[in-house]
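Spelled out, the chains give:
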Amino acid sequence: MDNKKFKYSKKIISNSIVYKISMTVDFVFFLFGIILLLLYFIGNYQNFQDSSQQFILKILFFSSIFTSIFSFLLLIESIIKVFSENKKVKHIINSIFLIFCIIFGLFCMEFSNIIMYLSEGLKL
């Protein structure tokens, strides 16, 4: 009877619920950054107001900062899981996606920062 009672105590859970939620949130912010970039380019084509374009760039800047930091922290956790758990392929794929999210976040951050700087014009 004791063996049946503790049947699942030795089962290793590879992904905690916090890790899954964090990966989902990171994926949502990644998609949000793509949507904001598309909205900015569509706004250039359809002549959005300058204040609207700058607002889109500010949102893109802050969301890309959040995406980059969040992806970096999840990448550290994924690298730890690659060396400590059995399902290495899944964590390697997660690590590749997180590296791509970090690069995308840094690109969006620099892109929005440069465009905001150029849109201010020369101050003499």
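Attention in this report is confined to the structure presented alongside it. Residues take numbers from 1 onward in each chain, read along the sequence in its written order. Per-residue local features of the predicted model are confined to residues with pLDDT of at least 70, and side-chain atom pairs are confined, for both listing and counting, to 80 or more; whole-chain, interface and lining totals are unaffected and use all residues. Side-chain measures were taken over the full set of non-hydrogen atoms in the model, leaving aside hydrogen atoms and water.

### Quick look at the packing of aromatic side chains
Each aromatic pair joins two rings of Phe, Tyr and Trp (for Trp, the six-membered one) with centres within 6.5 Å, and gets the label stacked for planes under 30 degrees apart, edge-to-face for over 60, and tilted for any other angle. For the structure shown, the criterion picks out 13 aromatic pairs. Summarising the aromatic geometry, the rings of Phe61 and Phe62 are spaced 5.4 Å apart at their centres and angled 70° between planes, so their arrangement reads as edge-to-face. You can call Phe61 buried: its relative accessible area is 18%. On the basis of relative accessible area, Phe62 is assigned to the exposed category, the value being 57%. In textbook terms, an aromatic cluster arises when at least three aromatic residues are bridged by ring pairs, as seen for Phe27, Phe30, Phe97, Phe100 and Phe104. Lying over the aromatic face of Tyr19, Lys81 brings its terminal NZ or CZ to 4.3 Å of the ring centre. Remark: exposure states derive from per-residue accessible area (1.4 Å probe, protein chains only) relative to the maximum for the residue type, with buried under 20%, exposed over 50%, and partly exposed in between. Remark: a charge is flagged as sitting over a ring if the NZ atom of Lys or the CZ atom of Arg is within 6 Å of the ring centre and within 35 degrees of the ring normal.

### Considerations on helix H2 (residues 17–45)
Under the DSSP-based scheme used, a helix requires at least four consecutive residues in state H or I and a strand at least two consecutive residues in state E, with every element numbered from the N terminus. A helix's residues, less one, multiplied by 1.5 Å, set its expected span. With 29 residues, H2 extends 42 Å from end C-alpha to end C-alpha; this agrees with the ideal 42 Å at 1.5 Å per step. Those residues of H2 not exposed but buried are Tyr19, Ser22, Met23, Asp26, Phe30, Gly33, Leu36, Leu37, Tyr40 and Gly43. Where H2 is buried, its residues contact helix H3 (50–84) and helix H4 (88–120). Any two residues whose heavy atoms approach within 4.5 Å are treated as being in contact.

### Remarks on a nonpolar patch on the surface
Together, Ile69, Phe72, Leu73, Ile76 and Ile80 make up a nonpolar patch on the protein surface, roughly 500 Å² of accessible area in all. Following the sequence through the fold, Ile76 ends up in helix H3. The exposure class of Ile76 is partly exposed, given its relative accessible area of 38%. Like charges are joined within 9 Å and nonpolar side chains (Val, Leu, Ile, Met, Phe, Trp, Tyr) within 5 Å, but only among residues with over 30% relative accessible area and no salt bridge; these make up the patches. Per-residue accessibility takes into account occlusion by the displayed protein chains alone, with areas from the Shrake-Rupley method and a 1.4 Å probe. For salt bridges, the criterion is a side-chain nitrogen of Lys or Arg within 4 Å of an Asp or Glu carboxyl oxygen.

### Some thoughts on the environment of Phe70
In this structure, Phe70 sits in helix H3. The class for Phe70 is partly exposed, based on a relative accessible area of 22%. Phe70 sits 45 residues away from Val25 along the chain, and the two C-alpha atoms are 9.0 Å apart. Apart from the residues within four sequence positions on either side, Phe70 is in contact with Ser22, Val25 and Asp26.

### A look at the packing of H2 against H4
Running from amino to carboxyl end, H2 crosses H4 at an angle of 35°, the nearest separation of the two axes being 11 Å. The interaxial crossing formed by H2 with H4 has left-handed handedness. Counting all contacts with H2, which are made through Tyr19, Met23, Asp26, Phe27, Phe30, Gly33, Ile34, Leu37, Tyr40 and Phe41, the residues of H4 involved are His91, Asn94, Phe97, Leu98, Phe100, Cys101, Phe104, Cys108, Phe111 and Ile115. To get an axis, a line is fitted to the C-alpha atoms, and for a helix only the part in contact is used. The angle between two axes follows their N-to-C directions and goes from 0 to 180 degrees. Take the far helix as your reference; a near helix turned counterclockwise from it by less than a right angle gives a left-handed crossing, and one turned clockwise gives a right-handed crossing.

### Quick word on the environment of Ile115
Its location among the elements puts Ile115 in helix H4. Separated by 61 residues in the primary sequence, Ile115 and Gln54 have C-alpha atoms spaced 8.7 Å apart. Sequence-distant contacts of Ile115, defined by excluding residues within four places in its chain, comprise Tyr40 and Leu57.

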